[in-house]
Amino acid sequence: VLPPGVSLQGLCDDASYAPHSVLELHSWLKETMSDLGLSSDLTDLKRFLNRILGLPIQKQNLLFNYFYQLLQEQIRVAKKNGKYSEGVSDLPGSHIRRCGQQSQLWKLAYRNDIIIDRGVSFESALGKLEQVEGPGASGFYQSKRPLYGKTAYLLAIRKPGMHHLYTICRPNTGINYFEMDHAELVGKYVQITAEHVRDGWQEAYISAADQCLHGLRCGNGPQCAVGRRLTHVSLITGTVCAIWGALEAVLSRHEYELSKADRSLRVVRAEMDDGETLIGIRYPSHLLNEVQELLQAEQAGKCSFANMAALGGRSPLSLTSVVEEKVELPGPVISKLLSKAFRPPRTLLTYFQPTAVAHQIKHPEVETEQKKRTKQELKKDDIKKHCTSPDMPVIHIIDD
């Protein structure tokens, strides 16, 4: 039986490779996946897309069309159930709550300050471990060497269908974005039981609430947020498109001062503990005052976002002189560029064929020769006018 959304028609344009029955299709898929070395690992999409490039073109089309039909069916079901997300990432965290009330940033754009608790308590980590099926290398680990004077703890859970990659969960930052290889895991950590890790895990969980990973003697000061459980995030909601230029201009000025996560404008979604959902632009909170100053200067006509970008992202209020917007008048129309703009683009079929437009366009050398003759005639007229004045003797000019 074919999966929902998959049909034999349209899988392959070449009749010699097109399967004539469902049994033939399943037999061919099983054999092809085995030849690609993917029969035991069906979860690595990047490896699958890379390895099908080694197949003949007809087999590539057949296998990719089968994958594409499955993907479209999954997207259709997700849209129907309201679970489809188009480019909106969720803010990770075990607990998310508001920090103060919503405030107005600019007209219909609003500022929302939230606090995200990324930490995972020992009870929650133990519950994640109990959900793992079957024995294996999944479990609690402690570092072989101390990190900033303390022993580091983590929970490693083997990914389903993959024997060398593990999902990492730490008491202070929760689940990590990147997996860890088995060789790196056993090289840096040693596995211990849940009873031995309980006290150390809880201590790291509690201390990370108000301390960074570097400890009390951190050289970055109290504002350092590396390894902290609680992170403060600002979301801009409302009509964000109207102030998009100001947000990008301020970010470009402080690009090298920000982390990689804050250097670009990203649409995120935050689900609060009370059931409220916020969708907006994540933005560094300490730059919002500068955004307001730039918007006020733009409204007063003192500066534009284009001028600020040309000045390297500097704020107009930090300049010694007021930057005025310069409007350039349109220049004369160049006939050569005008004809090029209305000329149809060349394709592989029309590149070697003469076109009617090409005969209508004057050759640049002819135009240059005409300009030279016109300039010579103008010079002769000027000489005649100058020489025929009453104060000058009569001079006869003989044309060639």
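Parameters at a glance
For every chain, the first residue of the written sequence is number 1, and numbering continues from 1 onward in sequence order. Local features in this predicted model are restricted to residues whose pLDDT is 70 or higher, and side-chain atom pairs enter the listing and the counts only when it is 80 or higher, whereas totals over whole chains, interfaces and linings include all residues. The side-chain quantities take in all heavy atoms of the structure and omit both hydrogens and water. Axis angles are defined between N-to-C directions and span 0 to 180 degrees, where every axis is a line fitted to C-alpha atoms and, for a helix, only to the segment in contact. Counting from the N terminus, the helices are DSSP H or I runs at least four residues long and the strands are E runs at least two residues long. In these notes the angle categories are as follows: under 35 degrees is roughly parallel, over 145 is roughly antiparallel, 65 to 115 is roughly perpendicular, and the rest is oblique. Helix crossings get a hand from a simple test, with the near helix turned counterclockwise from the far one by less than a right angle marking a left-handed crossing and a clockwise turn marking a right-handed one. A contact between two residues is defined here by any heavy atoms of the two lying within 4.5 Å. Following the grouping adopted for this structure description, the nonpolar residues are Ala, Val, Leu, Ile, Met, Phe, Trp, Tyr, Cys and Pro, the charged ones are Asp, Glu, Lys and Arg, and the polar ones are all others, Gly among them. Burial classification: accessible surface area is computed with a 1.4 Å probe over protein chains only, and a residue below 20% of its type maximum counts as buried, one above 50% as exposed, and the rest as partly exposed. For Phe, Tyr and Trp, where Trp contributes only its six-membered ring, two rings pair if their centres lie within 6.5 Å, and the inter-plane angle classes them as stacked under 30 degrees, edge-to-face over 60, or tilted in between.

Caption draft 1: Focus on the packing of helix H7 (residues 244–253) against helix H8 (residues 288–300). Packing of H7 against H8 leaves a shortest axis separation of 9 Å and a crossing angle of 125 degrees. Relative to H8, H7 is oriented oblique. Regarding H7 and H8, the two cross each other, and that crossing is right-handed. Of H8, the residues touching H7 (which contributes Ala246, Leu247, Ala249, Val250 and Arg253) are Glu290, Val291, Leu294 and Leu295. Split into classes, the residues belonging to the contact of H7 with H8 amount to 7 nonpolar, no polar and 2 charged.

Caption draft 2: Local environment of the environment of Asp181. One can find Asp181 in strand S9 (residues 180–181). A relative accessible area of 30% means that Asp181 is categorised as partly exposed. Taking the C-alpha atoms as reference, Asp181 lies 6.5 Å from Tyr166; in sequence the two are 15 residues apart. Those residues in contact with Asp181 that lie beyond four places of it in its chain are His164 and Leu165.

Caption draft 3: Summary view of unusual backbone geometry. If you check the backbone angles, Lys107 has positive phi at about 55 degrees while not being a glycine. Note that Lys107 resides in the loop between strand S3 (103–106) and strand S4 (109–117).

Caption draft 4: View of the packing of aromatic side chains. One pass over the structure, following the stated rule, counts 4 aromatic pairs. The interplanar angle of 55 degrees and the centroid separation of 5.6 Å between the aromatic rings of Phe48 and Phe67 together place this pair among those described as tilted. Highlighted residues: Phe48 in helix H2 (residues 45–51) and Phe67 in helix H3 (residues 57–80), separated in sequence by 19 residues. Look at Phe67 and you get partly exposed, because its relative accessible area is 22%. A ring pair is formed by Phe140 and Trp201, whose centres lie 5.5 Å apart and whose planes are at 85 degrees; its orientation type is edge-to-face. In this pair, Phe140 sits in strand S5 (residues 139–143) while Trp201 sits in helix H6 (residues 194–207), placing the two residues 61 residues apart along the sequence. Pair check on accessibility: Phe140 and Trp201 agree, each one buried. Members of the aromatic cluster, connected to one another through ring pairs, are Phe48, Phe64 and Phe67.

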